[in-house]
Amino acid sequence: YSEFDGTLWEYLQTPSTALGVLTTPTALFVLLGLVLLMRAIKSVLLPFFSSIGRRAGRNTHGPQWEQNNEVRIQKFGEYVFRLLFHFCIAVYGVCYLYDEVWWDKSRGGTQNGFLGYPLHPIEPDMIWYYLIQSAYNVEAFLSLLELSFVVKLQTPSFTKSPIVIGWSETVRGDFREMLIHHVVTNLLVIGSSWIRVTRIGSMVFMVHDISDVPVDLSKLANFLKWKMTTAICFATMVVLWFYCRLVILPFVIYRCVLYEAILLLLTEGPHAIQPIYYVTYQPVFVVLIGVIILLHLTWFAMFVKMGYLLVFKGETHDLSEHKKGESQEAITTNQATPQQRNGNTTTHDVLPTRPTQQQPPQTNGTITSTNGSKKTN
């Protein structure tokens, strides 16, 4: 790290400081602060975003939908926040990285991620790119656990624990895949920062962030059951997902980790890398990125099934949220809503209400679905 004796603001703008490696005490302290800040921001914004989803759902489907879809409304707020983050960080990544040599094949491309290692300076833009990405991934892991589990206290006994942990109503259908994804992602982020291969790590960030934007848009449209909007967002998502995560990630980024990382050993002099370090750490990153690619293949197969149901059956299912599918009951009304006239149907999924609440059926000519079965993970 470079020595520095200036002000705090100058330190934050200085290349290759201790902030450039996430495992240093200074970087960990800043990372913790960013995670807490992000959670504080979410605590303020999520209720506001959920209220937007509540109004949109009520205007589209009527008050009965609002009463029966509290879980859906809560998740709507979460995905609005994710959409804003992914859009902003994707724009930042494109503006910062678009002309870097490791993206330019005419100037050596991905080989620049390893040539001259470990003497690559870590610029302030890269430092904060990594810190913000790491903070988001840590916070997303915590949010996944919060949305998936309910912790209750009970009177302890010889056969009973004082703490009972159960599945939450807001648990994702692909919880296991997402849990593995978050664990592996955090290991990759911290590991790539620790051994200072941030150039390759930034490439992984970029392809994920760009493809996550249409994912969030399609989820928001499906939560409100706007069929035409869902179809458009879904088609965009499939194309970007396939290109970013199943073309660029495996055949550009993963390939360079497999075949070009050997260039690390070309550095000569006092900074030369010992072969033992290469054969120790390179397989670890090969396995971790390989797991990510396998998860992407699993999700893409899920997308293909969702597309089949949408095209051939006219049903909008989010199998990542509901692994066994969603109920598809059409609401018929005597007068078309503005959303119907714009191409959005009122086909919707009514999530189960709490067992203690019985919703009376509508008597104004509207047919509602009261699927009381519980979603299992």
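Residues numbered from 1 in each chain as written. Predicted model: local features only at pLDDT ≥ 70, side-chain atom pairs only at ≥ 80, totals over all residues. Heavy atoms only, no water.

Of regular secondary structure, the protein chain possesses 10 helices and 2 strands. Taken from N to C terminus, the helices and strands of the protein chain fall in the order α-α-α-α-α-β-β-α-α-α-α-α. Taken across its 377 residues, the protein chain has 49% of its residues classed as buried. Within the protein chain, contacts between residues separated by at least 24 positions form 73% of all contacts whose residues are at least 6 apart in sequence. For the protein chain, the exposed surface amounts to about 19,400 Å²; the carbon and sulfur share of it is 66%. (Helix = DSSP H or I, 4+ residues; strand = E, 2+ residues; numbered from the N terminus. Buried < 20%, exposed > 50% of the residue type's maximum accessible area, 1.4 Å probe, protein only. Contact = heavy atoms within 4.5 Å. Areas by Shrake-Rupley, 256 points an atom, 1.4 Å probe, with all protein chains shown as cover.)

On the surface, a cluster of nonpolar side chains totalling about 450 Å² of accessible area is made up of Val151, Leu153, Ile163 and Ile165. Residue assignment for the nonpolar patch shows that the elements contributing at least two residues are β1 (149–153) and β2 (163–167). Topologically, Ile163 is positioned in strand β2. A relative accessible area of 45% means that Ile163 is categorised as partly exposed. (Patch = residues over 30% accessible without salt bridge, like charges linked within 9 Å, V, L, I, M, F, W, Y side chains within 5 Å. Salt bridge = Lys/Arg side-chain N within 4 Å of Asp/Glu carboxyl O.)

It is worth spelling out the environment of Phe149 at this point. Locating Phe149 in the fold gives a position in strand β1. By relative accessible area, Phe149 is classed as partly exposed at 28%. Through-space distance from the C-alpha of Phe149 to that of Trp167 is 4.6 Å; in sequence the pair is 18 residues apart.

The final tally for this structure, using the stated rule, is 15 aromatic pairs. When the ring of Trp194 is compared with that of Tyr281, the centres are 5.7 Å apart and the planes differ by 90°; the resulting orientation is edge-to-face. Of this pair, Trp194 sits in helix α6 (residues 175–194) while Tyr281 sits in helix α9 (residues 275–313), and the two are 87 residues apart along the sequence. Centroid distance Phe242 to Phe300: 5.5 Å. Interplanar angle 45°. Geometry classified as tilted. (Phe/Tyr/Trp six-rings, centres within 6.5 Å; stacked < 30°, edge-to-face > 60°.)

Attention shifts here to the pairing of β1. Burial runs low along β1: only 0 of the 5 residues are buried. Both β1 and β2 contribute to a ladder of 5 bridges, which runs antiparallel. If you follow Lys152 over to β2, its bridge partner there is Val164. (Pairing = 2+ DSSP bridges.)

Remember that the coordinates give geometry; whether it matters functionally is a separate question.
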